[in-house]
2 protein chains.
Amino acid sequence: MDSKLFISENLRSEVIIFSLMELLLPNPANSCPLTTLGFLERAATAYTDCPSIVYNNTTHTWSQTHRRCLQVASSLSSIGVERGHVVSVVAPNVPSMYELQFGVPMSGAILNNINTRLDAHSLSVLLQHSETKLVFVDHLLSSVVLEALSLFPRHIKTPQLVLIDDDASSTTPTSPTVDFIDTYEGFLQDGDPKFKWVRPKSEWDPMILNYTSGTTSSPKGVILSHRGIYILTVNSLLHWAVPHHPVFLWTLPIFHANGWGYSWGMAAVGGTNICLRKFDASTINDLIKKHDVTHICGAPVVLNMISNSPDFEPLKNPVQILTAGAPPPAPVLARTESLGFTASHGYGLTETGGLVVTCAWKHEWDKLPADERAKLKARQGVKTTGLTEVDVIDPETGESVKRDGETLGEVVLRGGSVMLGYLKDSEGTKRCIGENGWFYSGDVGVMHPDGYVEIKDRSKDVIISGGENICSAEVESVLYSNPAINEAAVVARPDKYWGETPCAFVSLKRELNEKPTEKEIIEFCRARLPRYMVPRKVVFPDELPKTSTGKIQKYLLREIAKSMS
Amino acid sequence: MDSKLFISENLRSEVIIFSLMELLLPNPANSCPLTTLGFLERAATAYTDCPSIVYNNTTHTWSQTHRRCLQVASSLSSIGVERGHVVSVVAPNVPSMYELQFGVPMSGAILNNINTRLDAHSLSVLLQHSETKLVFVDHLLSSVVLEALSLFPRHIKTPQLVLIDDDASSTTPTSPTVDFIDTYEGFLQDGDPKFKWVRPKSEWDPMILNYTSGTTSSPKGVILSHRGIYILTVNSLLHWAVPHHPVFLWTLPIFHANGWGYSWGMAAVGGTNICLRKFDASTINDLIKKHDVTHICGAPVVLNMISNSPDFEPLKNPVQILTAGAPPPAPVLARTESLGFTASHGYGLTETGGLVVTCAWKHEWDKLPADERAKLKARQGVKTTGLTEVDVIDPETGESVKRDGETLGEVVLRGGSVMLGYLKDSEGTKRCIGENGWFYSGDVGVMHPDGYVEIKDRSKDVIISGGENICSAEVESVLYSNPAINEAAVVARPDKYWGETPCAFVSLKRELNEKPTEKEIIEFCRARLPRYMVPRKVVFPDELPKTSTGKIQKYLLREIAKSMS
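Computed from a predicted model, the values in this text were never measured in an experiment. Within every chain, residues take consecutive numbers counted from 1 along the sequence as written. Working convention: letters from A go to chains and numbers from 1 go to ligands, in the order in which they are written. Only residues with pLDDT of at least 70 are given local features in this predicted model, and only at 80 or more are side-chain atom pairs given and counted; all residues enter the totals for whole chains, interfaces and linings. In computing side-chain properties, one takes all heavy atoms of the structure into account and sets aside hydrogens as well as water.

Q: Before we go on, may I ask you to explain helix H14 (residues 370-377) of chain B in this structure?
A: What sets the pattern is the α-helix's 3.6 residues per turn: residues three or four places apart point alike. Residues and elements named next belong to chain B. Every buried residue belonging to H14 is among Ala 374, Leu 376 and Lys 377, and all of these are buried. Axial view of H14: buried residues confined to an arc of 160°, hence all on one face. Across H14 from its buried face, at more than 90 degrees, point the exposed residues Asp 371 and Lys 375. Contacts are assigned to residue pairs with any non-hydrogen atoms lying within 4.5 Å of each other. Going along the chain from the N terminus, every DSSP run of H or I of four or more residues is numbered as a helix, and every run of E of two or more is numbered as a strand. Contacts from the buried residues of H14 go to helix H13 (330-338) and strand S14 (341-349). Relative accessibility under 20% of the residue-type maximum defines a buried residue, over 50% an exposed one, and the middle range a partly exposed one, all with a 1.4 Å probe and only protein chains included. Our arc is simply the arc of the directions from the helix axis toward the C-beta atoms.

Q: Sorry, what's going on with the relation of the copies chain A and chain B here?
A: What relates the two chain copies is a rotation about an axis together with a slide along it. When chain A is fitted to chain B, the best match, at an RMSD of 0.1 Å, comes from turning it 180° and sliding it 0.0 Å along the axis. Here the two chains are linked by the operation of a two-fold rotation axis. Looking at the rotation axis and the C-alpha trace of chain A, the residue lying nearest is Leu 238 of chain A, at 3.1 Å. Mapped onto chain B, 98% of the interface residues of chain A are again interface residues, and the two copies thus contact each other with one and the same surface. Our superposition of the copies is a least-squares fit, built on the C-alpha atoms of residues whose pLDDT is at least 70 in both.

Q: I keep staring at the sheet that holds strand S25 (residues 499-508) of chain A and nothing clicks. Help me out?
A: To summarise the sheet geometry, strands pair through backbone hydrogen bonds and adopt either a parallel or an antiparallel arrangement. Residue and element names in this part refer to chain A. Paired strands are those between which DSSP finds at least two bridges. Read from one edge of the open sheet, 3 strands run S24-S25-S26, paired in mixed fashion. Of all strands in the sheet, those with a lone pairing partner are strand S24 (485-495) and strand S26 (537-539), marking the two edges. Pairs of neighbouring strands in the sheet enclose a mean axial angle of 25°, with direction left out of account. Pairing analysis gives 3 bridges linking S25 to S26, with the strands arranged parallel. Among the inter-strand pairings, Cys 503 is bridged to a residue of S26, identified as Lys 537. Axis definition: a line fitted to C-alpha atoms, limited for helices to the stretch in contact. Angles are taken between N-to-C directions and run from 0 to 180 degrees. Lying over the sheet, helix H16 (residues 472-480) contacts S24 and S25, oriented at roughly 145° with respect to S24. Lying over the sheet, helix H18 (residues 554-564) contacts S24, S25 and S26, oriented at roughly 55° with respect to S24.

Q: Where do I start with the sheet that holds strand S24 (residues 485-495) of chain B in this structure?
A: Residues and elements named next belong to chain B. Pairing within the open sheet is mixed, and its 3 strands lie in the order S24-S25-S26. Bordering the open sheet on either side are S24 and strand S26 (537-539), each of which pairs with just one other strand. Within this sheet the neighbouring strands show an average axis-to-axis angle of 25°, counted without direction. Helix-sheet contacts for helix H16 (residues 472-480) involve S24 and strand S25 (499-508), and the interaxial angle to S24 is about 145°. Taken strand by strand, helix H18 (residues 554-563) contacts S24 and S25, and its axis lies near 55° from that of S24.

Q: Would you take a moment to explain the interface of chain A and chain B for this structure?
A: Many structure descriptions define interface size as the accessible area lost when the parts assemble. Residue-level contacts link 88 residues of chain A with 87 residues of chain B. Here a salt bridge means any side-chain nitrogen of Lys or Arg lying within 4 Å of a carboxyl oxygen belonging to Asp or Glu. For the pair chain A and chain B, the interface holds 4 salt bridges. Among the salt bridges present, the one from Glu 41 of chain B reaches Lys 383 of chain A, with a minimum N-O distance of 3.1 Å. For the side of chain A that touches chain B, the secondary-structure elements that each account for two or more residues are helix H1 (3-24), helix H2 (39-46), helix H8 (226-239), helix H10 (262-269), strand S16 (382-383), strand S17 (387-393), strand S18 (409-415) and strand S19 (421-422) of chain A.

Q: Looking at this structure, I do not really get the pairing of strand S5 (residues 132-138) of chain B. What am I missing?
A: Each regular strand shows side chains that alternate between the opposite faces of the sheet. Residue and element names in this part refer to chain B. By the criterion of burial, S5 is predominantly enclosed, with 6 of the 7 residues buried. The sheet contact formed by strand S3 (residues 86-90) and S5 spans 5 bridges and is parallel. Counted as the bridge partner of Val 89 is Phe 136 from S5. With 5 bridges joining them, S5 and strand S6 (residues 160-164) adopt parallel strand pairing.

Q: Explain the confidence of the model for chain A to me, please; I cannot follow it from the model alone.
A: Atomic detail in the predicted coordinates should be set aside for any region of low pLDDT. For chain A, per-residue confidence averages 89 on the pLDDT scale, and 91% of positions sit at 70 or higher. Interface predicted TM-score (ipTM) for the complex: 0.86; the corresponding pTM is 0.87. What pLDDT reports is the predictor's confidence in each residue, on a scale of 0 through 100.

Q: Could you clarify how one ought to interpret the packing of helix H3 (residues 62-78) of chain A against helix H4 (residues 95-103) of chain A in this entry?
A: Working note: a packed helix pair is described by the angle between its axes plus the distance between those axes. Residues and elements named next belong to chain A. Between H3 and H4, whose axes approach to 9 Å, the crossing angle comes to 65°. Here H3 runs over H4; the crossing is right-handed. Here Trp 62, Arg 68, Cys 69, Val 72, Ala 73 and Leu 76 of H3 come into contact with H4, specifically with Tyr 98, Glu 99, Leu 100, Phe 102 and Gly 103. Charged residues are taken to be Asp, Glu, Lys and Arg, nonpolar residues to be Ala, Val, Leu, Ile, Met, Phe, Trp, Tyr, Cys and Pro, and polar residues to be all remaining types, Gly included. Partitioned by chemical class, the residues of the contact of H3 with H4 number 8 nonpolar, 1 polar and 2 charged. Two helices cross in a left-handed way if the nearer one is turned anticlockwise from the farther one by less than a right angle. They cross in a right-handed way if the turn is clockwise.

Q: What's the story with the packing of aromatic side chains in this structure? I'm lost.
A: The description of an aromatic ring pair rests on the distance of the ring centres and on the angle between the ring planes. Stacked, edge-to-face and tilted are the three classes for Phe, Tyr and Trp ring pairs, Trp counted by its six-membered ring, which pair at centre distances within 6.5 Å; planes under 30 degrees apart are stacked, over 60 edge-to-face, the rest tilted. Taken as a whole and judged by the stated rule, the model has 26 aromatic pairs over all chains. Here Trp 62 of chain B and Tyr 98 of chain B contribute two aromatic rings whose centre-to-centre distance is 6.4 Å and whose plane-to-plane angle is 70°, an arrangement assigned as edge-to-face. Linking Trp 62 of chain B in helix H3 (residues 62-78) with Tyr 98 of chain B in helix H4 (residues 95-103), this pair joins segments that are 36 residues apart in sequence. For Tyr 98 of chain B, a relative accessible area of 0% translates into the label buried. Pairing Tyr 497 of chain B with Trp 498 of chain B gives two aromatic rings, centres 5.0 Å apart and planes at 85°, and the pair type is edge-to-face. By relative accessible area, Tyr 497 of chain B is classed as partly exposed at 36%. Classification of Trp 498 of chain B by relative accessible area gives partly exposed; the value is 32%. Through pairs of rings, three or more aromatic residues link up here, namely Trp 240, Phe 248, Trp 250 and Tyr 262 of chain A.

What follows is the structure in structure tokens.
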């Protein structure tokens, strides 16, 4: 090759590299932050007069919902709520709860949906930890919130309160006394329906704060970004194959990871949100018939409620039911499906924003006997297209476990919807997000030969009761505060109705004159914990079983608890 | 407030700001690049033995397709193809064409699907401009590709060639002579099915190169990122409400914006790809019946072909048909739907990676008469959830036009799937991507009072014939090269079958002894342009109509062309 040619080849190669380098950079037209908030203005255009929310005898359209959410954002903005402030909500699945999923982040604030089952003490801890500026409070929950504020140390400013009082069928509502700056409706009506909503500056901006546990001691506040929520939402619609204009019955609490993203998802597909304050099997039955419901979500306890109800009528049209939080038991699945539901099973954590693994169903499995089908459906499954990878690894070596459906390991995940981290807990964040790019779920599972993940054992810390996560360490710390107790360990005990309930094993101090009874221990906990976290059963062994290094062998305790159920 | 408290309040506020700042950064578990390439390994796990590709009498499963794509990527890698190199394909919708949509980018290379209708000269221009390292060539197109390479200047290295020769039913295939390094099947079989595919380092890395025009003069090579393709694909599935396991008939050329993203999309939902080499109405009819096709895409010319065919039998089960590229004419829509198709209409450009605006349908429109329904469906519509914004703006002021369905303006878009830019054409990129964040489509449209966009006039440069974009400036530059021609302007002439065909208006030089005939001008073009770009009609006015500033008034010429059709 002569030298002239050689130079020209080199130059050409530089041209293409330079040219590609320039193209690697985002440009002004494609670098707009991903966010689900824009789904609402699209819904107002594409689904203008279609029903967005149905609640008792009230129906809103997407154009109304769009206006109302802008009004909420506008009012928040005008009382000084800014980008990065936290605004909390304590409410069941009423229409305002749905609206706030858009309205709060559209003001630039971070939305914190709080578990409505918390007690005043836990609530107080979370409101202080999150430095909440304002709380929207359902009228039936106003006394517990007011009590929570009364527990604030005197030098810490309490948040402002807005009263959600939109349920005419309830008991006499608390009037907006001096405690509340306004009612929800009044607050909303002050807002400008043409408000220019506050767009995230970056798609990595925090949008959502969800507490998973730590209500009594060390709060774990999961922060999710606009980008994460977008990826989660779009893929959650895709993998449940949600069509246009679904009718979605809100049996899943929105405070549970924002209803697994379907809160924003319904705006993307022009769905109708059937809101409700509380429900039992007969409410579900009535609402499905009345509104031609097509989609419903819930923990297995909801499937259980449906399948155990003697009044539940077989469905005229099939209804999709999506469950997660724990594997649905085979007989519950079989009974639910025999009523006309099509059940799907998925897996996710508050830390992943919603479901990121689903048990993708294969046609060939349809031919199997019901119990084998249920066994397959109880597996957590494969990654969604919103997740980059899921694996089960040996926690010692970090290597993938054998794909034999037997070797236990920790379930690890990576993908766009994984949280930014825990609020004010960089140590806790580092513990579960490794430099190697994995998020450590804390769940123990196996990898089946076909590549499906199955969770075999929850992390030692977690008990799942009626869809609620209970951190055993929290219950233990309350038990340890009892002067009669020497050592305590809390594990899950299988329960037909709740899935699991907490079971406490306590060894008492030797020098005691009078030993506490099971009932007294339970009452001690009830005074200090939200009701769902209180142990249903207390066992008094002389000593707790331990490993040679002194670690309590919870595995053995779980076996004992199981044998007692 | 005493000073001690004041300090503590300030500190707290610093803590939360610092803590949030830390959270704004992506972490190792959530910053994995978005890419559609991972859909394939997921499909191999979730849809293992389900059919992925059906072609004549051959069926592949998703597990096979996964292995085969890894093998292609492995072979490319082993012959020296690297991250950022361009690999091109010239092939119809045969199985290898589908596999290469994954296989090429999984080697790290940028995939360039080339229009199979181009002539040797245009092909040669694109292969040189893209600095293609290797071309996969269908055996029926090998002579035109070999001719294209013979047109390379001697000092420029020609790309390597691999022969796609997988169609037993065809005429005697060219044997892999010295021109080809291997056949596709041989090349693939050399690859390692356990190859670790090359993941993008950043989601902004270029993945796709698609030429939109400029085949004769200034090539416009659209570069799309992994991120852009991901956003486009996921949202294209969502807005067409594609369920699990669709059966997709590949009537849309994959070289048209990668089949609007459904090439990767089918892997996400476990679809079956019905491949075909070429088709007419009776082929479509047969394949729909044979394979229970559920989904089909195509330019309006495909709907036209179906609706005009006397043999087309009404469908037993409804088939979804998605059209774009030009508004479907009302009678064509009505006839297609009467056969049992459900038609949807969308809009996008190669520069947006696929469809980003869709005519979201409202239930209430179902009740309207057929012609009103068709008129509504012919509107381009509203943004998908993959697009951040679409607007119609006054090109002078940059302001939104009135929402009156009448005021003309330019359609502008912004969103995650907008291209990185044109390859080696930063000036061209700057002309269409403004600092204000808009991508200027070049299409002229109106905004209806309900927020739906409708395109009224294509940009002056573009004629759409049978789904192909023809840049009128290119045809004009060929006409101008004819020594007898004084001035030339090419506009679209409506055509019942093709939608539009190019119509040339030429004024001849005055001093000519012998004037060329229409036939001679057409033949002159045919020798220098791909067949579909050649004017079907040539008009010889004495002078072309001009504005006071000397600009040719194409608007008037279009009116004349229209009146002649």
